[in-house]
Amino acid sequence: MTHLFPGPIVPAPGLTELDARARDIFRRVVESYLETGEPVGSRTISKGGVALSPASIRNTMQDLAQLGLLDAPHTSAGRMPTHAGLRMFVDGLLEVGDLPEDDKRTIEARLAVKGRSFEEALAEASSILSGLAGGAGIVVTPVREGGVKHVEFVPLGGGQALAVMVFEDGQVENRLMRQPPGVTPSALTEASNFLNARLRGRTLAEARVEMDGELAVARRQLDEAAARLVEEGLAAWSGGEGDARSLIVRGQANLLADARAREDIDRVRQLFDDLEQKGQLIGLLDDVRQAEAVRIFIGAETRLFSLSGSSVIAAPYMTGRQKVLGAIGVIGPARLNYARVIPLVDYTARVLGRMMDG
């Protein structure tokens, strides 16, 4: 059994405040709900092996509802856990085992493809999680901290150019960008030389600060087309803070798979709107970077997902020297299969970390 990171949520009684009967019935209600997605009635619990009458079970479920742990979507329906109830279950009753070997081999094989860039591996990791977990896989790219070694613009034709930035740590970032009108081969060379002279040895964050103040000067020093190319190139590269960071989301369609009722569709639509809030979602994942293991956010525990009632299971990925690079995780309905998704996210994050160490 594992104890997982509690978060701020509506106060609810702890497990120690429940007697053995209430704890057992509560656990069975939550487990049944997570498996079926349907409210659970007293007869279902009774048929599951509880040596109590449906009336006694119903009374206990009513007590749990008064404590804020269970709720009823309709007056005639059974009970389902509240977000506070799910939090208590995850923290105190959920049993999380090791990831099956087949899943481990799948993750390792799909991430270990030779010739794949780290950014491509991040996108693949997000796809893996969306496929194996059934939700949407999310990953935020690292803050680039290595110094710049080389910059180059490569013409591709059709009004496009490839912006290439090589870092001192050996990482390479390629960005397809619009090539401003009138850019000649000499302007490409001029822009590359200009940036190499000013960026070499600096981090992207440092370079952006300095270049913001130099762009006006650059327009006087450079050919007009080359100056526009410099501005386009700086805008194309990722790796900074906030909106400059890349957020990769895969598997949004999975979120519609279990949406049966109208209210489910409405919640998924709200979740799609939430996923568009890139800055807030990156901020949430950056909070995960401060942890050393899996973190779980359920519904109203985050302002971002309070309306959609979604859950986020995320973990930091880090190098063997315990340097945290970013975070990866899964977004889905509050009734995610926590026992399966938690080890999936954890193992995928660890494989990514090993890749960074070569």
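All values reported here derive from a predicted model rather than from experimental measurement. (Residues numbered from 1 in each chain as written. Predicted model: local features only at pLDDT ≥ 70, side-chain atom pairs only at ≥ 80, totals over all residues. Heavy atoms only, no water.)

Caption draft 1: Layout of the overall build of the protein. In terms of helices and strands, the protein carries 13 helices and 10 strands. The proportion of buried residues among the 358 residues of the protein is 47%. For the protein, the proportion of contacts with a sequence separation of at least 24, taken over those separated by at least 6, is 64%. Counting every atom, the protein has about 17000 Å² of accessible surface; 49% of that belongs to carbon and sulfur. (Helix = DSSP H or I, 4+ residues; strand = E, 2+ residues; numbered from the N terminus. Buried < 20%, exposed > 50% of the residue type's maximum accessible area, 1.4 Å probe, protein only. Contact = heavy atoms within 4.5 Å. Areas by Shrake-Rupley, 256 points an atom, 1.4 Å probe, with all protein chains shown as cover.)

Caption draft 2: Examining the sheet that holds strand β4 (residues 148-157) more closely. Taken together, the three strands give an open sheet; going across it, the order is β4-β5-β6, and neighbouring strands pair in antiparallel fashion. The open sheet terminates on both sides in strands that have one partner only, identified here as β4 and β6 (172-178). Pairwise comparison of adjacent strand axes, ignoring direction, gives a mean angle of 20° for this sheet. The sheet contacts of helix α7 (residues 185-199) involve β4 and β5 (160-167), and relative to β4 the element is tilted by about 165°. (Pairing = 2+ DSSP bridges. Axes fitted to C-alpha atoms, helices over the stretch in contact; angles between N-to-C directions.)

Caption draft 3: Region of interest: the sheet that holds strand β9 (residues 310-318). One open sheet holds the five strands; their spatial order is β7-β3-β10-β9-β8, and the pairing between them is antiparallel. Looking along the sheet, the strands with just one partner apiece sit at the ends: β7 (247-250) and β8 (295-298). Neighbouring strand axes in the sheet, compared pairwise and without regard to direction, differ in orientation by 20° on average. Judged from the four bridges that link them, strand β3 (residues 136-140) and β7 form a sheet pairing that is antiparallel. Bridge assignment links Gly 137 to a residue of β7, and that residue is Arg 250.

Caption draft 4: Just the pairing of β5, in detail. Bridging between β4 and β5 involves eight bridges; their strand directions are antiparallel. Within β5, the residue paired with Val 154 across the bridge is Leu 162.

Caption draft 5: Inspection of the pattern of salt bridges at higher detail. Applying the stated rule across the entire model yields 11 salt bridges. Ionic pairing is found between Lys 104 and Asp 98, a salt bridge with its closest N-O pair at 3.0 Å. The buried category is assigned to Lys 104, whose relative accessible area is 13%. Overall, Asp 98 belongs to the exposed group, its relative accessible area being 60%. One salt bridge connects Asp 346 with Arg 350, and the closest N-O pair in it is separated by 3.2 Å. (Salt bridge = Lys/Arg side-chain N within 4 Å of Asp/Glu carboxyl O.)

Caption draft 6: View of helix α3 (residues 54-66). Between its terminal C-alpha atoms α3 stretches 18 Å, which fits the 18 Å expected from 13 residues at 1.5 Å a residue. When we look at burial in α3, the residues that qualify are Ile 57, Thr 60, Met 61, Leu 64 and Ala 65. Projected down its long axis, α3 shows its buried positions confined to an angular sector of 145°, all on one face. The exposed set on the far side of α3, more than 90 degrees from its buried face, consists of Asn 59 and Gln 66. Looking at the packing, one finds that the buried side of α3 touches α1 (20-36), α2 (42-47) and β1 (70-71). Just downstream of α3 lies Gly 68, where phi reads positive at about 85°. (Expected span 1.5 Å × (residues − 1). Arc of directions from axis to C-beta.)

Caption draft 7: Just the pairing of β9, in detail. Of all nine residues in β9, nine are buried; the element is thus mostly enclosed. Taking every second residue as pointing to the same face, both faces of β9 are buried, with Ser 310, Val 312, Ala 314, Pro 316 and Met 318 on one and Ser 311, Ile 313, Ala 315 and Tyr 317 on the other. As paired elements, β8 and β9 share four bridges and run antiparallel to each other. Considered in β9, the bridge of Ile 298 is made with Ser 311. Inspection of the sheet shows β9 paired to strand β10 (residues 324-333) by nine bridges, in the antiparallel sense. In the sheet register, Pro 316 faces β10, and the bridge partner there is Ala 327.

Caption draft 8: Molecular detail of the packing of α1 against α3. For the pair α1 and α3, interaxial distance at closest approach is 10 Å and the crossing angle is 85°. The orientation of α1 relative to α3 falls into the category roughly perpendicular. Contact residues: Arg 21, Ala 22, Ile 25, Phe 26 and Val 29 in α1; Ile 57, Thr 60, Met 61 and Leu 64 in α3. (Parallel < 35°, antiparallel > 145°, perpendicular 65-115°, else oblique.)

Caption draft 9: Seen up close, the nonpolar core. Of all hydrophobic cores here, the largest spans 56 residues; its most connected members are Phe 26, Ile 313, Tyr 317 and Tyr 338. The dominant element in this core, judged by the number of residues it contributes, is helix α13 (residues 338-356), at nine residues. Residue assignment places this core across two domains, with domain 1 (15-93) and domain 2 (101-142 + 245-356) each supplying three or more. Apart from residues no more than four positions distant in its own chain, Ile 313 is found in contact with Val 294, Arg 295, Ile 296, Ile 328, Gly 329, Val 330, Leu 336, Tyr 338, Val 341, Ile 342 and Val 345. Ranked by size, the runner-up nonpolar core spans 21 residues in total, among them Val 148, Val 151, Leu 195 and Val 230. (Core = buried A, V, L, I, M, F, W, Y, C linked by side-chain atoms within 4.5 Å. Domains from an automatic or database assignment.)

Caption draft 10: Seen up close, the confidence of the model for the protein. On average, the protein scores 77 in pLDDT, and the residues at 70 or more come to 72%. Here residues 1-11 is a poorly scored stretch, pLDDT under 50, and it has 32 contacts once near neighbours within four places are set aside; other chains count. In this model, residues 238-244 is a region of pLDDT below 50 whose contacts with residues beyond four sequence positions or in other chains number 20 contacts. (pLDDT = per-residue confidence, 0-100.)

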